[in-house]
Amino acid sequence: MNILPLWFDKAIEAGIKAGNAIMEVYQSDFAVESKEDKTPLTIADKKAHTIIENILPQDGIKFLSEEGKSIPYAERASWDLFWLIDPLDGTKEFIKRNGEFTVNIALIRQGEPIFGVIYAPALQNLYVGYVGVGSFKQKITDTTFFPTWASIQQEGIKLPQLNSERPFTVVASRSHNTPETEDYISVQRKIHPNLNCVSSGSSLKICLVAEGSADTYPRFAPTMEWDTAAGDAIARAAGKPVTQYPEFQKPLNYNKENLLNPWFLVS
């Protein structure tokens, strides 16, 4: 099946519109529920899911979302091309109101992320990447305007933007740090005495490496495929591999029977 630029434009539109709906909830006195796995859920997750599902092209393309129905592997196993969505990544950050949450939309082909959109509505930052073409960052100041993939390539900032002045930088999870992560940072600090460690929420951590603001992001804690797919595509398109840890050379793969990711490193 040929990949159509229209699909990319619709994914960008869906990400921004979902972000707009999320911000309406963010600025209100919203309620918080618990999912079956005890993680938090807000009306923003549900609204964003519905908007994305209604906008994304699905003519012959399957759709898998964190907030969608559970789809048996026997059905998913034959999928060659599908959208993988996290309507609101960083729900804990959303609830804390620190702005570090995102909308994640990825297109997966034969188990590999090939296109990704990450939109951080509170920060007005849009990241888009297509493997083999490149990754770009664009500021969204008018949320009623939806840039196209073509216009982003012309007007956006090509990633990564290298900064030789900053120290070696490790980005770590704000809400899910682990002893193994601290051990990794300690080893890196011996190699880079002036190491700078920054914390961030949601898929923004992958974006920080993709854009050149950080050198590495170790994730030695559980994540699901929808948490990483869009960022993985953006990082790959920017020449920043996302590899399983400690294998290093093995990329993450998608649409597994168990949608839980292994530990990984972005570098």
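Here we summarise the structure given alongside this text. These numbers come from a predicted model, not from an experiment.

1. Quick look at the overall build of the protein
In terms of regular secondary structure, the protein is built from eight helices and 14 strands. In terms of overall dimensions, the protein is globule-like: its C-alpha atoms have a radius of gyration of 17 Å, near the 18 Å expected for 267 residues. Overall, the C-alpha framework of the protein stretches about 50 × 45 × 40 Å when taken along its three principal axes. Expressed as a percentage of its 267 residues, the buried residues of the protein come to 54%. Taking the contacts inside the protein whose residues are at least 6 apart along the sequence as the reference set, 63% of them involve residues at least 24 apart. Total accessible area on the protein is roughly 12100 Å²; 50% of this is exposed by carbon and sulfur atoms. If you average the places of the 26 positive and of the 32 negative side-chain charges in the protein, the two averages end up 2 Å apart.

2. Topic: the side chain of Asn125
With respect to the helices, strands and loops of the structure, Asn125 is situated in strand 7 (residues 125–130). A polar contact is formed between the side chain of Asn125 and the side chain of Lys139, at a distance of 3.0 Å.

3. Section: the sheet that holds strand 12 (residues 217–219)
The strand order across the open sheet built from three strands is 12-14-13, with neighbouring strands paired in antiparallel fashion. The two strands at the open ends of the sheet, each matched to only one other strand, are strand 12 and strand 13 (242–244). Looking at each pair of strands side by side, their axes are set apart by 20° on average, direction ignored. Sheet analysis places strand 13 next to strand 14 (residues 264–266), joined by three bridges and oriented antiparallel. Counted as the bridge partner of Thr243 is Leu265 from strand 14.

4. A word on the packing of helix 1 (residues 5–26) against helix 2 (residues 43–55)
Viewed as axis vectors pointing N to C, helix 1 and helix 2 meet at an angle of 155°, and their least axial separation amounts to 9 Å. Put simply, helix 1 runs roughly antiparallel to helix 2. For the crossing formed where helix 1 meets helix 2, the hand is right-handed. When helix 1 is examined against helix 2, the residues Lys10, Glu13, Ala14, Lys17, Ala18, Ala21, Ile22 and Val25 are found in contact with a partner set consisting of Ile43, Ala44, Lys47, Ala48, Ile51, Ile52 and Ile55.

5. Considerations on the pairing of strand 8 (residues 134–139)
The element strand 8 is largely enclosed, with a buried count of five among its six residues. Across six bridges, the pairing between strand 7 and strand 8 is antiparallel. Looking across to strand 8, one finds that Leu126 is bridged to Gln138. The turn linking strand 7 back onto strand 8 is made up of three residues, and Gly132 within it adopts a positive phi angle of 95°. Sheet analysis places strand 8 next to strand 9 (residues 157–159), joined by three bridges and oriented antiparallel. The residue of strand 9 that forms the bridge with Phe136 is Lys158.

Reading guide: rules and limits
Residues numbered from 1 in each chain as written. Predicted model: local features only at pLDDT ≥ 70, side-chain atom pairs only at ≥ 80, totals over all residues. Heavy atoms only, no water. Helix = DSSP H or I, 4+ residues; strand = E, 2+ residues; numbered from the N terminus. Rg over C-alpha atoms; globule rule 2.2 N^0.38 Å. Buried < 20%, exposed > 50% of the residue type's maximum accessible area, 1.4 Å probe, protein only. Contact = heavy atoms within 4.5 Å. Areas by Shrake-Rupley, 256 points an atom, 1.4 Å probe, with all protein chains shown as cover. Lys, Arg positive; Asp, Glu negative; His and termini not counted. Charge placed at Lys NZ, Arg CZ, Asp CG, Glu CD. Polar contact = N/O pair within 3.5 Å; in protein donor to acceptor, adjacent residues only side chain to side chain. Pairing = 2+ DSSP bridges. Axes fitted to C-alpha atoms, helices over the stretch in contact; angles between N-to-C directions. Parallel < 35°, antiparallel > 145°, perpendicular 65-115°, else oblique. Left-handed = near helix turned anticlockwise from the far one by under 90°.

Function cannot be read off these values alone, since they describe shape.
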